[in-house]
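Summary of structural features
The lines below spell out each chain.
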Amino acid sequence: MKLKSFLPLAILFAFSSSVFSQKYYILERSIVIDNVPFQAINKPCNYYLLLPKDFHAKQDVISYDYSVKPTSLYGAKNENFYAKWENIIYSEFKEKKLTAKMKIKTTKYDLATARLKPQLDPEDLDTNNYLKDEANLKISTKAISETAQKITGTSREELVKNIYNFVCDTLSYKNFVIEKRSAKKALTQGAGDCTEYSELMVSLCRAKNIPARLVVGLVLKAKYEAEYHNWVEVFFPQYGWVAFDPTWGDSKVSGTTYEKMRNIYVKSSSTRDVGGVLRSECFQKDLDFKVKVIDTYTFGNQDLYVKKDSLYQDSVNITNNATKALKILDTLLSLEPDNYAFAMRKGICLARLQSFDEAFKYIEKANILTEIPSEKRNVLYAYANYYALKNDATNAVLYLYKSFDNGFSGFNRSFLKDADFEKIKDNAEFIEFRKKIQEKVDAADAQKLKKKG
């Protein structure tokens, strides 16, 4: 059972409005053309660039800015959104790029979030189109239909979970680049990239009469890199369209699960074949030039974000002035209100100031916001700090065991130097815990030395 299940409902939902992971990004999408042959240098072309737009409960595009004003913008409510530039000649790309810069607020809407506060879109409830056969989503094929029959569940959530797990267990990741494959081929070959993972999950959901669709978009990675990606949305009558990523769910290090996703996704389309992010009538195979779309991003408050890590470290290092540390953490939380580490650290600082009720709320908020195992064990350790500062040795030791059992490895580096445990240092349970963990650490160190020798 998850730790938060033991907590009072009033506290569990005290931060329900803040649970939704919101972030502000500046996404820049540019058309770049290189090595244009001389005979084509003055050829005029039209360009159609697919752009992210508003999606209910998932993202809001606050503004669009363009290096060159588009001739037109088009795309209805439930259609893809394009910027169109007309009669642009190749030589112009030497002086300027065709660039769209978008300020986007993203909000993750995974199953864990949907359960807390459902966000149905009244304009996106028509699910009939997402139960049909499509190109590469042939749900009536023997391989798909027979596989779907073997997957069962007593509820839609359980059934979708079993489909998700089946896809993760069946496929191995292999990058097929631009090769167009299918859910059937991925199933029979047991391999695929994000497209095949997503297509297979969508196909199996539809074969079980559950509306599902493939999503086209970007994942925002480290070093301001944005990468093309596909994931899945499944319709639940009580939640609306909920996001799942079986590709990253098949990775042991991503932190993605059936219930939880990170807030790093920018959605462009719910249409499987959007015809490419960039389209132009001028693209010809016999012309030897390179056309590509480059996506990069920064954060909404980039100057502050650059200083984020050093500011956070300052808040950690200030152990004798919790009030000063809180000011730093409040600044950081204004930048990233959904950052588990900022909330966790604020909870500890509040506990040091004896504001225990408020402190517990922030540590609980951090617990809800955790996305990967290392974050979870850090929060378990924070609960131990909290209870030790309350002079509750029994609960402090309980959470210390939980944290170390979940892989916390800072016994010598952090725990032995942690002044938050000063009040309970003479407690018998605490002394026994230190003894047991010290023995484990010493045994592990001895084993390492033995291997080296």
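Conventions adopted
Residues numbered from 1 in each chain as written. Predicted model: local features only at pLDDT ≥ 70, side-chain atom pairs only at ≥ 80, totals over all residues. Heavy atoms only, no water. Helix = DSSP H or I, 4+ residues; strand = E, 2+ residues; numbered from the N terminus. Areas by Shrake-Rupley, 256 points an atom, 1.4 Å probe, with all protein chains shown as cover. Axes fitted to C-alpha atoms, helices over the stretch in contact; angles between N-to-C directions. Parallel < 35°, antiparallel > 145°, perpendicular 65-115°, else oblique. Left-handed = near helix turned anticlockwise from the far one by under 90°. Contact = heavy atoms within 4.5 Å. Nonpolar A, V, L, I, M, F, W, Y, C, P; charged D, E, K, R; others polar. Salt bridge = Lys/Arg side-chain N within 4 Å of Asp/Glu carboxyl O. Buried < 20%, exposed > 50% of the residue type's maximum accessible area, 1.4 Å probe, protein only. Expected span 1.5 Å × (residues − 1). Phe/Tyr/Trp six-rings, centres within 6.5 Å; stacked < 30°, edge-to-face > 60°. Lys NZ or Arg CZ within 6 Å of the ring centre and 35° of its normal. Core = buried A, V, L, I, M, F, W, Y, C linked by side-chain atoms within 4.5 Å. Pairing = 2+ DSSP bridges. pLDDT = per-residue confidence, 0-100.

Attention now goes to the overall build of the protein chain. Each helix and strand counted, the protein chain has 15 helices and 14 strands in total. Surface accessibility of the protein chain: about 22,500 Å² in total, with carbon and sulfur atoms responsible for 50%.

At a closest axis distance of 8 Å, the pairing of helix H13 (residues 373-389) and helix H14 (residues 393-405) adopts a crossing angle of 165°. For the element pair H13 / H14, the angle class is roughly antiparallel. The chirality of how H13 crosses H14 is left-handed. Contacts between H13 and H14 involve Arg377, Leu380, Tyr381, Tyr383, Ala384, Tyr387 and Ala388 from the former and Asn395, Ala396, Tyr399, Leu400, Lys402 and Ser403 from the latter. Across the contact of H13 with H14, the residue classes break down as nine nonpolar, two polar and two charged.

Another point: the pattern of salt bridges. Overall, the coordinates contain 16 salt bridges when judged by the stated rule. When the shortest N-O distance is used, the salt bridge between Arg213 and Asp124 registers 2.8 Å. In this pair, Arg213 is assigned in strand E9 (residues 212-220) and Asp124 in the loop between helix H3 (111-116) and helix H4 (142-150), connecting sequence segments 89 residues apart. Of the residues examined, Arg213 reaches a relative accessible area of 3% and is grouped as buried. You can call Asp124 buried: its relative accessible area is 15%. The partner of Asp420 in a salt bridge is Arg352, with the nearest N and O atoms 3.0 Å apart.

Another aspect to go through is H13. A rise of 1.5 Å per residue sets the reference length of H13, with its 17 residues, at 24 Å; its end C-alpha atoms lie 25 Å apart and thus fit the reference within 8%. Counting buried positions along H13 yields twelve of 17 residues, so the element is predominantly enclosed. Residues of H13 that are buried: Glu375, Val379, Leu380, Tyr381, Ala382, Tyr383, Ala384, Asn385, Tyr386, Tyr387, Ala388 and Leu389. Looking at the buried side of H13, the elements it contacts are helix H11 (340-352), helix H12 (356-369) and H14. One or two positions beyond H13, positive phi appears at Asn391, with a value near 65°.

To continue, consider the environment of Leu218. On the secondary structure map, Leu218 appears in strand E9. Judged by its relative accessible area of 0%, Leu218 falls in the buried class. For Leu218 and Tyr228, which are ten residues apart along the polypeptide, the C-alpha to C-alpha distance reads 4.6 Å. Ignoring anything within four residues of it in the chain, the contact list for Leu218 reads Leu27, Arg29, Ala226, Glu227, Tyr228, His229, Trp231, Ile264, Tyr265, Val266 and Asp295.

As enumerated under the stated definition, the model contains 33 aromatic pairs in all. Ring geometry for Phe236 and Tyr239: centres 5.7 Å apart, planes at 55°, overall tilted. Through pairs of rings, three or more aromatic residues link up here, namely Tyr381, Tyr401, Phe404, Phe408, Phe415, Phe421, Phe430 and Phe433. Positioned above the aromatic ring of Trp241, the side-chain terminus of Arg213 is 3.9 Å from the ring centre. Sitting over the ring of Tyr399, Lys402 keeps its end group 6.0 Å from the ring centre.

What follows covers the nonpolar core. Counting residues in hydrophobic clusters, the biggest one holds 50 residues, and the most contacted among them are Met344, Tyr386, Leu400, Phe404, Phe415 and Phe421. Going through the elements one at a time, helix H10 (322-335), H11, H12, H13, H14 and helix H15 (428-452) are the ones with two or more residues in this core. Looking at this core, the element that brings in the most residues is H13, giving ten residues.

As a further point, take the pairing of strand E1 (residues 22-34). Inspection of the sheet shows E1 paired to strand E6 (residues 98-107) by ten bridges, in the antiparallel sense. Within E6, the position partnered with Gln22 by the bridge is Thr107. Relative to strand E14 (residues 290-299), E1 runs antiparallel, the two sharing ten bridges. The partner of Ile31 across the bridge, within E14, is Val293.

Turning our eyes to something else, we now look at the pairing of E9. Taking burial as the measure, the nine residues of E9 include nine buried ones, the bulk of the element. Where E9 meets strand E10 (residues 226-236), nine bridges bridge the pair, whose relative direction is antiparallel. Following the sheet pairing, Val215 is matched in E10 by Trp231. For E9 and strand E12 (residues 265-269), the ladder comprises four bridges, and the chain directions are antiparallel. What sits directly across from Val216, in E12, is Ser269.

A separate point is the confidence of the model for the protein chain. Of all residues in the protein chain, 88% attain a pLDDT of 70 or more, and the chain-wide mean is 84. Taken element by element, the protein chain is modelled with least confidence in helix H1 (residues 9-12), mean pLDDT 28, and with most confidence in strand E11 (residues 240-244), mean pLDDT 97. The low-confidence segment residues 1-20 (pLDDT under 50) makes 29 contacts with residues lying over four places distant or belonging to another chain.

So, about the packing of H4 against helix H7 (residues 194-207). Interhelical geometry of H4 versus H7 gives an angle of 70° and a closest axis separation of 9 Å. Accordingly, the angle class assigned to the pair H4 and H7 is roughly perpendicular. The element H4 and its partner H7 pack so that their crossing is right-handed. In this structure, H4 contributes Ile144, Thr147 and Ala148 to the contact, and H7 contributes Leu200, Ser203, Leu204 and Ala207. Its residues assigned to classes, the contact of H4 with H7 comprises five nonpolar, two polar and no charged.

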